[in-house]
Amino acid sequence: PDGTVLEGPNGPVSHLICGGVYDWSTGLIYRGGRYFDPNLGIWLALMPLLVVQGWRKRKDKRKGVLLVCVGLCVVGMLAGCGNPESTTMLSPVCTPTAIPGLGADKGTSGRSSDGTPSTWPLPTPRPPHSIGAPPGAPPSTTTPPRITPRPENSDGVNVRSGPTAASSVGGANIIGKLYGDAEPIAQFGREAAGVWWWKIRYNDHGQVVEGWVRSDVVVAEGNVSFPPPKSWVSPFDPGVGLNVTWEFIWGPGNQVHNGVNIQSSRTPGGDRVLAMADGAALVFPDVNAQYAKGTYWINVPHEHPDGKIYWIQYTHIAQKDRNPDLRLGTFFTQQTWLGFYSAVGDASGPHLHISIKETYKDEPVGDVLNPTNYIPGL
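Residues numbered from 1 in each chain as written. Predicted model: local features only at pLDDT ≥ 70, side-chain atom pairs only at ≥ 80, totals over all residues. Heavy atoms only, no water.

Caption draft 1: Geometry of the overall build of the protein. Tallying secondary structure elements over the protein gives two helices and 24 strands in all. Classification of the 378 residues of the protein by burial places 40% in the buried group. Considering only contacts in the protein between residues 6 or more positions apart, those separated by 24 or more positions represent 58%. Carbon and sulfur atoms provide 57% of the accessible area of the protein, an area that totals close to 20,700 Å². (Helix = DSSP H or I, 4+ residues; strand = E, 2+ residues; numbered from the N terminus. Buried < 20%, exposed > 50% of the residue type's maximum accessible area, 1.4 Å probe, protein only. Contact = heavy atoms within 4.5 Å. Areas by Shrake-Rupley, 256 points an atom, 1.4 Å probe, with all protein chains shown as cover.)

Caption draft 2: Region of the structure containing the pattern of salt bridges. Applying the stated rule across the entire model yields 14 salt bridges. For Glu 183, the salt bridge identified is with Arg 201, shortest N-O distance 3.1 Å. Here the residue Glu 183 occupies a position in strand 9 (residues 183-188), and Arg 201 occupies one in strand 10 (residues 197-204), the gap between them amounting to 18 residues. On the basis of relative accessibility, which here comes to 30%, the residue Arg 201 falls in the partly exposed class. Linked through salt bridges whose partners overlap, the residues forming this network are Arg 214, Asp 216, Lys 361 and Asp 362. (Salt bridge = Lys/Arg side-chain N within 4 Å of Asp/Glu carboxyl O.)

Caption draft 3: Representation of unusual backbone geometry. Even without being glycine, His 316 reaches a positive phi, approximately 75°. Secondary-structure assignment places His 316 in the loop between strand 19 (309-315) and strand 20 (317-322). A relative accessible area of 5% places His 316 in the buried class.

Caption draft 4: Quick peek at the environment of Ile 262. Position of Ile 262 relative to the elements: it lies in strand 14 (residues 260-264). On the basis of relative accessible area, Ile 262 is assigned to the buried category, the value being 0%. Between the C-alpha atoms of Ile 262 and Ile 354, which are 92 residues apart in sequence, the distance is 8.1 Å.

Caption draft 5: Quick peek at the sheet that holds strand 22 (residues 337-341). Taken in spatial order, the three strands make up an open sheet running 15-22-20, and their pairing is antiparallel. Pairing within the sheet leaves two strands with one partner each, and these edge strands are strand 15 (272-274) and strand 20. Averaged over all adjacent pairs, the angle separating strand axes in this sheet is 50°, with direction ignored. In the sheet, strand 20 pairs with strand 22 via two bridges, with the strands oriented antiparallel. When the bridges of strand 22 are listed, Arg 322 appears paired with Gly 339. (Pairing = 2+ DSSP bridges. Axes fitted to C-alpha atoms, helices over the stretch in contact; angles between N-to-C directions.)

Caption draft 6: Just the nonpolar core, in detail. Formed by 27 residues in total, the largest nonpolar core has its most connected members in Tyr 314, Leu 352 and Ile 354. Of all the elements in the fold, those that place two or more residues in this core are strand 14, strand 18 (297-303), strand 19, strand 22 and strand 23 (352-360). When residues no more than four places from it in sequence are discounted, the contact partners of Ile 354 are Pro 235, Gly 259, Val 260, Ile 262, Met 276, Ile 312, Gln 313, Tyr 314, Pro 371 and Ile 375. Counting 13 residues, the second largest nonpolar core, distinct from the first, contains Val 157, Val 159, Trp 196 and Tyr 202. (Core = buried A, V, L, I, M, F, W, Y, C linked by side-chain atoms within 4.5 Å.)

Caption draft 7: Main features of the packing of aromatic side chains. Within this structure, the stated rule accounts for nine aromatic pairs. Relative to Phe 226, the ring of Trp 198 has its centre 6.4 Å away and its plane inclined at 55°; by these criteria the two rings are tilted. Placement of Trp 198 in strand 10 and of Phe 226 in the loop between strand 12 (218-221) and strand 13 (242-246) is noted, with a sequence separation of 28 residues between them. Exposure remark for Trp 198: the relative accessible area of 3% places this residue in the buried category. Classification of Phe 226 as partly exposed rests on a relative accessible area of 23%. Between Tyr 310 and Tyr 374 the ring centres are 5.2 Å apart and the planes differ by 55°, which places this aromatic pair in the tilted class. Of this pair, Tyr 310 sits in strand 19 while Tyr 374 is found in the segment after strand 24 (363-369), placing the two residues 64 residues apart along the sequence. Among the aromatic residues, those joined into a cluster by ring pairs are Phe 188, Trp 212 and Phe 331. (Phe/Tyr/Trp six-rings, centres within 6.5 Å; stacked < 30°, edge-to-face > 60°.)

Caption draft 8: Spotlight on the environment of Ser 234. Of note, Ser 234 is situated in the loop between strand 12 and strand 13. When its relative accessible area of 16% is taken as the criterion, Ser 234 is described as buried. Along the chain, Ser 234 and Gln 335 lie 101 residues apart, while their C-alpha atoms are 8.5 Å from each other. Among the polar contacts listed, one links the side chain of Ser 234 to the backbone nitrogen of Phe 236, at a separation of 3.1 Å. (Polar contact = N/O pair within 3.5 Å; in protein donor to acceptor, adjacent residues only side chain to side chain.)

Caption draft 9: Just the side chain of Thr 359, in detail. Within the secondary structure, Thr 359 is located in strand 23. Looking at Thr 359, the relative accessible area reads 16%, which means it is buried. Within the structure, Thr 359 has its side chain in polar contact with the backbone oxygen of Ile 309 (distance 2.7 Å). With residues up to four places along the chain from it excluded, the contact list for Thr 359 reads Ile 309, Tyr 310, Trp 311, Pro 364 and Val 365.

In short, geometric facts, not functional conclusions.
Next comes the structure, spelled out in structure tokens:
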């Protein structure tokens with residue numbers, strides 16, 4: 001034994017150097033998905049001796065040959081009962097707990113010839129450690145985090161390339177389906193804010209897949225914790241000022257302007273627009289029937305430091321001026337270049353119009369919010 005003494009379902013067990021596990025309660029050795037009786041080894045060792053003795057004592061050589069053949073067959077069958085090289089290596093279920101009284105100088109598991117317990121020492125048990133952790137690592141007190149589909153979603157849940165399943169995206173960003181366990185590696189939105197997203201990693205037929213699933217279709221288990229969302233930044237390059245050309249004017253009976261119009265102090269006639277936070281692009285059709293000139297926009301769900309996910313509309317960005325690498329519903333990080341603002345659409349001059357709404361299950365809900373309260377620098 002290598003010294004590891006653990007508590008199994010029926011008593012203590014010891015891991016052996018050969019890769020097997022000896023169960024002290026049953027006296028059996030477990031290896032390669034099979035159980036072995038140590039007594040079997042005694043019979044395998046004695047069988048050739050018995051066969052030879054039988055040969056010597058018998059005068060009828062034909063019977064002796066028959067006995068040898070039968071003995072060899074028995075030995076072959078017994079040896080074939082175990083396959084230590086089995087590819088289905090299973091592990092016994094056991095909780096890493098040291099067993100009191102099974103130290104180097106205490107306890108026995110055999111008996112001497114007179115029936116009294118033998119005194120050969122058992123190996124000193126090593127301190128327990130987490131499954132998968134290197135020997136000597138401190139015991140884990142937390143359950144490994146995992147994400148699994150809810151029972152009602154046993155037929156699997158959609159895994160997407162970005163944290164959105166908005167109607168404008170539909171199934172365009174579906175990259176797979178989750179049926180079993182997955183490892184959570186990031187979070188978009190927070191628990192107190194209703195519905196949010198998990199970024200997960202899982203194995204799909206030998207391929208490692210990373211994607212996003214919505215919180216209301218899966219269950220999170222274990223200690224799942226991630227850093228708080230990042231603070232929002234300006235939609236222009238760092239150090240570039242923001243000039244307001246039309247303020248937010250919206251309220252009961254006074255719904256004039258549902259956002260704020262801004263220009264870059266560096267290039268008022270058109271400058272590049274950056275994502276104020278992590279998100280996923282919801283690129284709508286370039287022509288909106290509501291306006292004869294057409295309105296060009298990019299809608300993006302953004303994660304706010306308050307834990308909520310907000311629906312941000314960046315308007316007056318022509319299709320030809322958009323970042324060609326943006327993909328519908330695909331995740332991108334804060335300060336990703338979205339495009340250049342201009343006077344395209346229903347605009348009397350070049351500017352960037354930004355409007356904000358809260359979201360629920362990827363759709364805008366409630367009234368529009370004053371962007372001045374959310375855009376740094378205003």
